[in-house]
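# Fold and geometry: a report
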Amino acid sequence: MKWEKLKPPEPDDPMCCCECDIYQCGCCCDCEDLDEAFNRWLKDKPPKSGCQSPVLGAMIDNLEISMIPALVLLPLLLRVAALHYLLGITILTTLPGLVLWYYYATHRRKRRTLFFLTLALYSLAYMYYLFMTEILPRGDVSQLQVCTVTTGMILTIGSLIQTKRGPGVVTASLLEARSQSQDKDSTHVNGAIQSAASSSAGSAAELQTTEATLTTKWSRCPVCKIMRPPRAGHCRTCGSCVQRLDHHCIWINSCVGQANHRSFLLTLSVFVLTSLYGIKLVLCSLCPRQYLMTALLYCPGVYSQSSTALCFTCAWYSGIVTGGLLYLLVVQVLNISFNVTEREAQLALRNKTGQSRLWGLVIDTGEYSRGFYQNWVEFLTMTDASVSPRSSLTDLV
């Protein structure tokens, strides 16, 4: 089906034979097309009209869209959308479609791009600039409210920097550190089993179960060829294995894993709260006589001045972005509550091993869940194993 070719690649799919860096076959998107193109090359026949030339294919492959659209097109499109409400509806409904198209295009080629990170940072800075230059001079915003918005901006950038420090990449030394930790823990387990055998048979059974969990074998990544811990996954975009891989986030141009999952959730929460508060202040300033939800849909006289029309259009733009990130935040909270990662949910859907809960917002695999409270405790207390390997004997010591 055509839709299957537009889906983002699964994290641990085996590498296809047509995934190579030979630009002559760059027009091929599956093995059948590759075989057909190779047969045509052997028979010295021209390629089909649907395939691109090698030069054009190489240019498209190496085309990187990052700074220019965000710095030039975004303010231009928002100002054009502020000219008339029909233009605003057209542009604000077209922009998400273009972003989604570029999202699927980059995921199909399994490439990293700075476009979404640049767009997010520039949108955040541009909205704050308009708030300070257009809304603040109107006199409807107090100093405390300005400080609240500024604090939210600073916290968002700070948590984003913390998230960008790394998701916790699996290295070869991680297995050595884990094996050394297991050797130390096994001695404690053996001693505990011997002492517990004389006192209680039930305690010995629990200790033997814990010892079995310590000796759980890691799996070998089919791409990296290194041993990785349970729940780790290989990201085809970043080209490395990540501990407790959740997903590859295009908005931060990095993976979300064990080392940065908490800071990623904090970034989403602070941004959504700050954006909702900023939108409220803008609408209350532009339409003081309207209710908040009513002002977002109908604000009479807002297009009488170019400045107010631009601020109203930017409020709608911020609302669209905030709505998308709010959905992502809800999904993340539900996944943490069921102790399942986004990667595990996708694999469970593909293998039909999970159960859909809450109208399809979360996929419950039932493999790691230990209850709502324990799932959140595990999430909030997990550490990067490459920095300090966690001991599995916390209940015994």
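Every value quoted in this text rests on a predicted model; they were computed, and no experiment measured them. The residue numbers shown here count from 1 along each chain, following its written sequence. For a predicted model such as this one, the threshold for reporting local features is a pLDDT of at least 70, and the threshold for listing and counting side-chain atom pairs is 80 or more; totals across whole chains, interfaces and linings nevertheless cover every residue. Neither water nor hydrogens contribute to the side-chain values; these are computed over all heavy atoms in the structure.

## Quick word on the state of the cysteines
Test applied: Here, a disulfide means two cysteine sulfur atoms that sit within 2.5 Å of each other. Counting from the N terminus, the helices are the DSSP runs of H or I reaching at least four residues and the strands are the DSSP runs of E reaching at least two. Think of it in three bands: residues with accessible area under 20% of the maximum for their type are buried, residues over 50% are exposed, and the middle band is partly exposed, with areas taken using a 1.4 Å probe on protein chains only.
Overall, the coordinates contain one disulfide when judged by the stated rule. A sulfur-sulfur distance of 1.4 Å marks the disulfide that ties C287 to C299. The S-S bond linking C287 to C299 shows a torsion near -105°; that makes this disulfide left-handed. One end of the pair, C287, is in the loop between α10 (261–286) and α11 (292–297); the other, C299, is in the loop between α11 and α12 (306–337), and 12 residues separate them in sequence. Both residues of the pair, C287 and C299, count as buried. Of all cysteine sulfurs, the one in C255 lies closest to C238, which takes part in no disulfide; the gap is 3.4 Å. Take C311: it sits in no disulfide, and the sulfur closest to it among the cysteines is that of C314, at 6.5 Å.

## Things to note about the side chain of N253
Worth spelling out the cut-off: We call two residues contacting when some pair of their heavy atoms lies within 4.5 Å.
Relative to the helices and strands, N253 is located in the loop between β5 (247–249) and β6 (254–256). Relative accessible area serves as the criterion here: at 8%, N253 is assigned to the buried category. Those residues in contact with N253 that sit more than four places away from it in its chain are R112, T113, L114, L117, K164 and H248.

## Brief notes about the UniProt feature "transmembrane region" (unreviewed entry) in the protein chain
We apply this condition: UniProt positions are given in the numbering used here, feature names are shortened, and annotations may be inferred rather than shown by experiment.
Here, UniProt's "transmembrane region" (unreviewed entry) annotation points to residues 83–104, 113–131 and 264–283. Taken end to end, residues 113–131 is 89% helix and 0% strand, and its first and last C-alpha atoms sit 29 Å apart. As annotated, residues 264–283 comprises 100% helix and 0% strand, and the C-alpha atoms at either end are separated by 29 Å.

## Regarding the packing of helix α6 (residues 115–135) against α12
Basically, it comes down to this: Lines are fitted to the C-alpha atoms to define the axes, a helix being fitted only along its stretch in contact, and any angle between axes, read from their N-to-C directions, falls within 0 to 180 degrees. Crossing handedness is defined as follows: a turn of the near helix away from the far one that is anticlockwise and smaller than a right angle gives a left-handed crossing, while the clockwise case is right-handed. Polar here means any residue outside two lists: the nonpolar Ala, Val, Leu, Ile, Met, Phe, Trp, Tyr, Cys and Pro, and the charged Asp, Glu, Lys and Arg; Gly therefore counts as polar.
Contact geometry for α6 and α12: axes closest at 11 Å, N-to-C directions at 145°. As α6 runs across α12, the sense of the crossing is left-handed. Residues L119, S123, Y126, M127, L130, E134 and I135 of α6 touch α12, and the partners they reach there are S307, L310, C311, C314, Y317 and S318. Here the contact of α6 with α12 is built from residues that sort into nine nonpolar, three polar and one charged.

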